[in-house]
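Fold and contact review
Here is how the chains run, residue by residue.
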Amino acid sequence: MILVDSTIVSVATPTLMEAFDTDVNGVLWVSSAYLLAYAVPLLVTGRLGDRFGPRPVYLTGLAVFTVASLWCGLSGELGLGLSGLIAARVVQGLGASLMTPQTMTVITRTFPAERRGTAMALWGATAGVATLAGPLLGGLLLDSLGWEWIFFVNLPVGVIGWVLAFRLVPRLATHSHRFDLLGVVLSGVGLFCLVFGLQEGQVYDWGTIWSWISVPLLIGVGIALLGLFIGWQARNRREPLVPLRLFGDRNFSLANVAITTMGFTITAMIFPFYIWAQSVRGLSPTQAALVMAPSSVLSFLLARYAGQLTDRVHPRILVGSGTVLLAAGLGLLTLAMTPTAPLWQALAAAAVLGVANPLIWGPLSTTATRNLPMADAGAGAGVYNTTRQLGAVLGSAAIAVLMQARITAHLGSGGPAGSPGGAGASGADLPPMVADGLSRALAESLYLPMGVILLGALAALFFERPRHLLRR
């Protein structure tokens, strides 16, 4: 639910513009508000799990998320307007932020190191599938039931999930921690400034937001505050929000680098592909999402086997192979993104991506948490999920700039319909030269995530052999 809701709204943008009589910038805040409220508190909510126990924090987050989903769906009927929907999405994001680190913490503290790979692989596969399945689910719900149901669909899942978690998730020991209030302020404000600046920079053309505050200034303030936060964590001898000793484990540090590149790559690849599928090939949102379906299906089917390998094989081999294979799949996708190439080529590329994903998500999360002290499992999970989200935000910002630049290079400053992706234009409407230029621009944009995921492959080369493998 958490990750599906990160992408599902993007499919509903035209529908929400019509329903709330607003422009695209207004609707973008429906996604931006959720992602900000989700990403910024992750360091804090991870530590909350260590302090109060992952089970109660998770149940609280799931209840908040589910109620906020109902609020989102009813915002139109209740006459709350777009501002009401955005406020509901903020609350929904806070609920998601409470939940996410606890899922990793429960797995880390429940399964011994030598058996954790299979469990974490399923966790990772769910993350990979959900990110890609969001547009498909969104398209199906929009085509059949209306935009409200992209939020109402969370209600039965949330209620059932809450009951099952209450009954089945174990109560785990808590660890007495003083709360690092200065660390909370520095990390929260710093992450907000950085994430907001990166996420909204394209909207403001990387210039002034209001009065004297500009996007570069906001990003600079965010980086400076995060630098102060790291300095404070190093000086705080009592209870730092993020114990820097975690980064003494080489695999934890490298896994955070690799998951940042993964978050960047998955987010960045989605935008050019869906714009090409709908604007050049004239596919509906559901049809476009179905082209990516092999990736989701194979990711889930292969997760168990990837998990078994995670407990037996050096993570360098699995993550290195997966990241290189993912880059190869993106390369195949660039070849398929033409106005006339048969769609089976894109389906084949999606299948390659589906084989690559389970070799990355699960093994990376297992490698990150394998050696963590149990008292710091929540803090480690918070850091890991924060870096993943920062990667996604960077990917979203970078790919928007690159797509605009490549479209301008091939089609001039206007582009089709005057925007990246030619909103409102379908493949049947585009002249052949425009369709070809747009396809080239979007395909070339995928070279960026290809290069970034290879940086993840480079990080994987330096993984150490896990301790449980050394004992064999």
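Residues numbered from 1 in each chain as written. Predicted model: local features only at pLDDT ≥ 70, side-chain atom pairs only at ≥ 80, totals over all residues. Heavy atoms only, no water.

**Comments concerning the packing of aromatic side chains**
The cut-off we apply is this: Here the aromatic set is Phe, Tyr and Trp, taking the six-membered ring for Trp, and pairing holds for ring centres within 6.5 Å; pairs whose planes are under 30 degrees apart are stacked, those over 60 apart are edge-to-face, and all others are tilted. Each residue's exposure class comes from its accessible area (1.4 Å probe, protein chains only) as a fraction of the maximum for that residue type: buried when under 20%, exposed when over 50%, partly exposed otherwise.
Applying the stated criterion across every chain yields a total of 9 aromatic pairs. Geometrically, the ring pair formed by Trp147 and Phe151 is edge-to-face, given 6.3 Å between the ring centres and 80° between the ring planes. A residue is classified by how much of its surface remains accessible, and Trp147, at 7% relative accessible area, is buried. The exposure class assigned to Phe151 is buried, which follows from its relative accessible area of 0%. The interplanar angle of 45° and the centroid separation of 6.0 Å between the aromatic rings of Phe273 and Trp276 together place this pair among those described as tilted.

**Re the confidence of the model for the protein chain**
To keep it simple, the criterion reads: In predicted models, pLDDT denotes the confidence assigned by the predictor to each residue on a 0 to 100 scale. A run of H or I in DSSP becomes a helix once it reaches four residues, and a run of E becomes a strand once it reaches two; helices and strands are each numbered from the N terminus. When checking whether two residues touch, look at their non-hydrogen atoms; a contact exists if any pair is within 4.5 Å.
For the protein chain, per-residue confidence averages 84 on the pLDDT scale, and residues scoring 70 or more make up 93% of the total. The least confident element of the protein chain is helix H21 (residues 467–470), whose mean pLDDT is 59; the most confident is helix H20 (residues 447–460), at 95. This model gives residues 417–425 a pLDDT under 50, and the stretch forms 16 contacts once residues within four places in sequence are excluded.

**A word on the side chain of Thr265**
The condition that has to hold: Throughout this description, a polar contact denotes any pair of N or O atoms lying within 3.5 Å of each other; where both atoms belong to protein, one of them has to be capable of donating a hydrogen while the other can accept it, and for residues adjacent in sequence the pair is counted only when both atoms sit in side chains.
By the secondary structure assignment, Thr265 is in helix H12 (residues 250–280). Overall, Thr265 belongs to the buried group, its relative accessible area being 0%. Polar contacts involving the side chain of Thr265 include one to the main-chain carbonyl oxygen of Pro449, which spans 3.4 Å. For Thr265, the residues in contact, after removing those within four places along its chain, are Leu326, Leu330, Pro449, Val452 and Ile453.

**So, the environment of Leu446**
If you trace the backbone, Leu446 turns up in the loop between helix H19 (432–445) and H20. Note on Leu446: relative accessible area 0%, which makes it buried. As a C-alpha pair, Leu446 and Pro272 span 174 residues in sequence and 7.2 Å in three-dimensional space. Not counting chain neighbours up to four residues away, the residues in contact with Leu446 comprise Met269, Pro272, Leu330, Leu333, Thr334 and Met337.

**Looking at a nonpolar patch on the surface**
Let me state the cut-off plainly: What makes a patch is a set of residues exposed beyond 30% relative accessible area and free of salt bridges, joined within 9 Å when like-charged and within 5 Å when nonpolar (Val, Leu, Ile, Met, Phe, Trp, Tyr). A 1.4 Å probe and the Shrake-Rupley method give the accessible areas. Residues count as covered only by the protein chains that appear here. Salt-bridge detection follows one rule: a side-chain nitrogen of Lys or Arg within 4 Å of a carboxyl oxygen of Asp or Glu.
Residues Val159, Trp162, Val163 and Phe166 make up a contiguous nonpolar surface patch of roughly 350 Å² in combined accessible area. Looking at the secondary structure, you find Trp162 in helix H9 (residues 154–168).

**Looking at helix H14 (residues 293–310)**
Convention followed: Expected helix span is given by 1.5 Å per residue-to-residue step, counting one fewer step than there are residues. Fitting one axis to the seven residues ending at a residue and another to the seven starting there, the bend at that residue is the angle between the two axes.
For H14, built from 18 residues, the straight-helix expectation of 26 Å at 1.5 Å per residue is met to within 8% by its first-to-last C-alpha distance of 25 Å. At Ala303, H14 is bent by approximately 45°, the largest bend along its length.

**Some thoughts on the environment of Pro14**
Within the element layout of this structure, Pro14 appears in helix H2 (residues 13–20). Residue classification places Pro14 among the exposed positions, given a relative accessible area of 53%. With 13 residues separating them in the primary sequence, Pro14 and Val27 have C-alpha atoms 8.6 Å apart.

**Describing the nonpolar core**
Put simply, the rule reads: Here the nonpolar core consists of buried residues drawn from Ala, Val, Leu, Ile, Met, Phe, Trp, Tyr and Cys, with membership extended through side-chain atoms lying within 4.5 Å.
One finds Leu85 and Leu364 to be the most contacted residues of the largest nonpolar core, which totals 121 residues. Contacts of Leu364, omitting those with residues within four sequence positions, involve Ala255, Ala258, Ile259, Val319, Tyr384 and Phe463.

**Looking at the packing of H12 against helix H17 (residues 361–369)**
Keep this limit in mind: Axes here mean lines fitted to C-alpha atoms, for a helix over just the part in contact, with angles spanning 0 to 180 degrees between N-to-C directions. Oblique is the label for any angle not under 35 degrees, not over 145, and not in the 65 to 115 range, which are roughly parallel, roughly antiparallel and roughly perpendicular in turn. Here a crossing is taken to be left-handed if its near helix is turned anticlockwise relative to the far helix by less than a right angle, and right-handed if that turn runs clockwise.
Two elements in contact, H12 and H17, have axes separated by 8 Å at closest approach and are oriented at 150°. Considering their axes alone, H12 and H17 lie roughly antiparallel with respect to each other. In this structure, H12 meets H17 at a crossing whose hand is left-handed. Across the interface between the two elements, Asn251, Phe252, Ala255, Ala258, Ile259, Met262 and Ile266 from H12 touch Trp361, Leu364, Thr367 and Ala368 from H17.

**Let's talk about the pattern of salt bridges**
By the definition in use, this model includes 3 salt bridges. The residue Glu444 makes a salt bridge to Arg406 at a minimum N-O spacing of 2.9 Å. Placement of Glu444 in helix H19 and of Arg406 in helix H18 (residues 377–411) is noted, with a sequence separation of 38 residues between them. Glu444 sits in the partly exposed class, given a relative accessible area of 22%. Ionic pairing is found between Asp436 and Arg440, a salt bridge with its closest N-O pair at 3.0 Å. Here Asp436 and its partner Arg440 are both found in helix H19, 4 residues apart, which amounts to about one turn of the helix. Judged by relative accessible area, Arg440 falls into the partly exposed class, the value being 47%.

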